[in-house]
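# Results of the structural survey
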Amino acid sequence: MIRDIPIDAQSVRFESQNLTSEHSTQVILLYMNSPRLLIIEDDAFTRTSIVGALSGMGIEVIGSVGSSAEDITLFEKHAPNAVLLDLDLGYGPTGLNLARAFRLRNPNVGLVILTSYADPRLLRSALPDIPTGTEYLVKSSVNEINVVSKAIERAISNTSSIR
């Protein structure tokens, strides 16, 4: 028996299997749909590379933008369950400013900051605090896309501990 159950705007699939053996056992497998991800990265090459690599892993990238001008609109229109942000987006709000705005709009959104800065205070003084449960990755330490996909998964699961 297979059935889909909506949970927090996601669909979870339960599959029940009866296995025959000496001891009759029922196994329940749980499948979550892939993350719905919004990417905000000002470097076009990096952004395109990340979109391609994560899409190839089955992650649904619902949008990718290079500046903060379109991000809130995309966030509200597509309701991602995770956002991958660069810390330094050039002139205007930082990735931390946006992360805080996204978390205010949806406390359950997973947040991943992917940046060149080992310490966010190197970008600017008086930055807002990193929202609770945010995953922080330094680009120079990311040697494969699995590091990013695992951070996205952790960021989504981190939100359950801050509810």
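Residues numbered from 1 in each chain as written. Predicted model: local features only at pLDDT ≥ 70, side-chain atom pairs only at ≥ 80, totals over all residues. Heavy atoms only, no water.

### Thoughts on helix 1 (residues 44–56)
Helix length check: helix 1, at 13 residues, gives a terminal C-alpha distance of 18 Å against a target of 18 Å (1.5 Å per residue), a fit within 8%. Buried within helix 1 we find Arg47, Ile50 and Leu54. Buried residues along helix 1 cover an arc of 70° about the axis, so they all sit on one side. What points out from helix 1, more than 90 degrees from its buried face, is the exposed set Phe45, Thr48 and Gly56. (Helix = DSSP H or I, 4+ residues; strand = E, 2+ residues; numbered from the N terminus. Expected span 1.5 Å × (residues − 1). Buried < 20%, exposed > 50% of the residue type's maximum accessible area, 1.4 Å probe, protein only. Arc of directions from axis to C-beta.)

### Quick look at unusual backbone geometry
The backbone of alanine 79 shows a phi angle near 45°, a positive value even though the residue is not glycine. Within the element layout of this structure, alanine 79 appears in the loop between helix 2 (71–78) and strand 6 (82–85). Among the residues examined, alanine 79 registers a relative accessible area of 52% and is labelled exposed.

### Points about the pairing of strand 4 (residues 36–40)
Of all the five residues making up strand 4, four are buried; the element is thus mostly covered by neighbouring parts of the structure. As paired elements, strand 4 and strand 5 (residues 60–65) share five bridges and run parallel to each other. Pairing of isoleucine 39 across the sheet is with serine 64, part of strand 5. As paired strands, strand 4 and strand 6 are joined by four bridges and run parallel to one another. Across the sheet, isoleucine 40 pairs through a bridge with leucine 85, a residue of strand 6. (Pairing = 2+ DSSP bridges.)

### Re the sheet that holds strand 8 (residues 135–138)
One open sheet accounts for five strands, arranged 5-4-6-7-8; its pairing is parallel. Whereas interior strands pair on both sides, the edge strands pair on one side only; in this sheet they are strand 5 and strand 8. Neighbouring strand axes in the sheet, compared pairwise and without regard to direction, differ in orientation by 15° on average. Contacts from helix 4 (residues 145–158) reach strand 4, strand 6, strand 7 (110–115) and strand 8 within the one sheet, and its direction differs from that of strand 8 by about 160°. (Axes fitted to C-alpha atoms, helices over the stretch in contact; angles between N-to-C directions. Contact = heavy atoms within 4.5 Å.)

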